[in-house]
Amino acid sequence: KFQFNPKDGIDNPALSLAEDMDGEAVGEPRFYLLSKGSEETFGFCLHEELGCQGHVIRQVELGGLAQRRGLQDGDRLLQVNGHFVDHMDHHRVVQKIKASGNQVLLAVLDGDSYEAAKALGRDLSQLLPADIRPRLCHITRDKSGFGFSVSGPEGIKGTFQLSVRQDGPAERAGVPPGSWLLELNGASVRSCSHTQLARKLKQSGSKVTLLVASSAVEEFYRLRGLQVTAALADTSWLPFKARELRMVKGPGGYGFLLKEDDYGSGAIGQFLWDVDAGLPAEQAGMKEGDRLLAVNGESIEGLDHQQTVLRIRAHEDQVTLLVIDPASDEFYRSVRFGDSAWPSQ
């Protein structure tokens, strides 16, 4: 059973994303937003098979998350979080999914349509929208304000469109003119009135973080019954980045210590301390207090201290660490950005 609301679209993701196999919708990509708990799996495996092109969806668990959303055995994966992956190395695609943390947006094509499209020499990337990501923007006000104004239908909550002043703080922060406001400082504005939104903006002080979407992107998610979240956002305009450190072990080791500690609300993290001057860790740009997010492209979410140490030692003489400094860490947690999905520079 499902309900249809003309404003919100279909609210059952599995039904809203199913294709009409008897009509002209055959061969069109299907989109699935999978959100799991930290102890759960997405409920499928991704295979690379001899004599079979593409990244193949296999072992769809009966009653699991992927099956409940509508993924089918034999589907081919085309896109991960808005990035086209059909041409990528299989291991790299698997890492992209793992790096998504607990939420991932997938675009797939059924196996028969995929094989037919390949046989015809079609460019599969052309079947997909050019950009389906909302944008996360961090704005610092100047003497004239944040550089945007908000409008919306009278008496309707949660529908806010932005007008952006040319060369103002909002435009410089990447807010597209005419975009729709989805979140303010990590909280949805869906239930806000215009007066409540104005008050929240005033309470933000000199800085504000907006999740915004163009009309085309907003319509894409709405028609498919998908919720737009910060974890799916284009973060290229943000001043906060995770850093990738590539290190080759020297005679004195890497030159840092890993310590487990609490970093708020009971969350346990792995932190980098005692960075030795002149050794590989410092040369790679490690700073004391950085928090470790991933080792060799794989998130350490859910791993304890000993498991993380073993992951670092898995390759004897070299390692790549994804780390984030305390200020950037605090920012991304404030906007509820999925851990292990931090953007890197």
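The structure we're discussing is the one just above.
Residue positions within a chain follow its written sequence, with the count starting from 1. Totals for whole chains, interfaces and linings use all residues, but because this is a predicted model, local features are given only for residues with pLDDT of at least 70 and pairs of side-chain atoms are given and counted only at 80 or more. Processing note: side-chain calculations cover all non-hydrogen atoms of the structure and skip hydrogens and water entirely.

Draft legend 1. Molecular detail of helix α4 (residues 111-119). Residue burial is assigned from relative accessible area. The probe radius is 1.4 Å, only protein chains are included, and a residue is buried under 20% of its type maximum, exposed over 50%, and partly exposed in between. Only DSSP runs of H or I covering at least 4 residues are called helices, and only runs of E covering at least 2 are called strands; the numbering of each starts at the N terminus. Taken residue by residue, α4 has G111, S113, Y114 and A117 as its buried positions. What you see down the axis of α4 is that its buried residues fit within an arc of 165 degrees, all on one side. Along α4, the residues that are exposed and aim more than 90 degrees away from the buried face are D112 and A119. Whether two residues are in contact is decided by their heavy atoms, any of which lying within 4.5 Å being enough. Those residues of α4 hidden inside the fold are in contact with β6 (76-80) and β8 (103-109). Counted as a polar contact is a pair of N or O atoms within 3.5 Å, where, for protein atoms, one must be capable of donating a hydrogen and the other of accepting one, and residues adjacent in sequence contribute only when both atoms are in side chains. The backbone nitrogen of D112 has a side-chain oxygen 3.3 Å away, supplied by the residue at the start of α4, namely D110. In this description, one arc is meant: the one made by directions from the helix axis to the C-beta atoms.

Draft legend 2. Just the pattern of salt bridges, in detail. We define a salt bridge as a contact between a side-chain nitrogen of Lys or Arg and a carboxyl oxygen of Asp or Glu at a distance within 4 Å. Taken as a whole and judged by the stated rule, the model has 13 salt bridges. Between E244 and R246 there is a salt bridge, with its nearest N and O atoms 2.8 Å apart. A relative accessible area of 40% places E244 in the partly exposed class. For R246, a relative accessible area of 62% gives the class exposed. Close ionic contact of E298 with R311 constitutes a salt bridge, the shortest N to O distance being 3.7 Å.

Draft legend 3. Representation of the packing of aromatic side chains. For Phe, Tyr and Trp, where Trp contributes only its six-membered ring, two rings pair if their centres lie within 6.5 Å, and the inter-plane angle classes them as stacked under 30 degrees, edge-to-face over 60, or tilted in between. Taken as a whole, this structure holds 5 aromatic pairs when the rule is applied. Their ring planes at 20 degrees and their centres at 4.2 Å tell us that F240 and F331 sit as a pair that is stacked. Placement of F240 in the loop between α7 (215-223) and β15 (243-248) and of F331 in helix α10 (residues 326-334) is noted, with a sequence separation of 91 residues between them. Judged on exposure class, the residue F240 and its partner F331 are both buried. Ring pairs connect the aromatic residues F31, F220 and Y221, which therefore count as one cluster. Taking the ring centre of F42 as reference, the NZ or CZ of K36 above it sits at 5.3 Å. For R141, the ring lying beneath its charged end belongs to F146, and the centroid distance is 5.0 Å. Cation placement over rings: the criterion is NZ of Lys or CZ of Arg within 6 Å of the ring centroid and within 35° of the ring normal.

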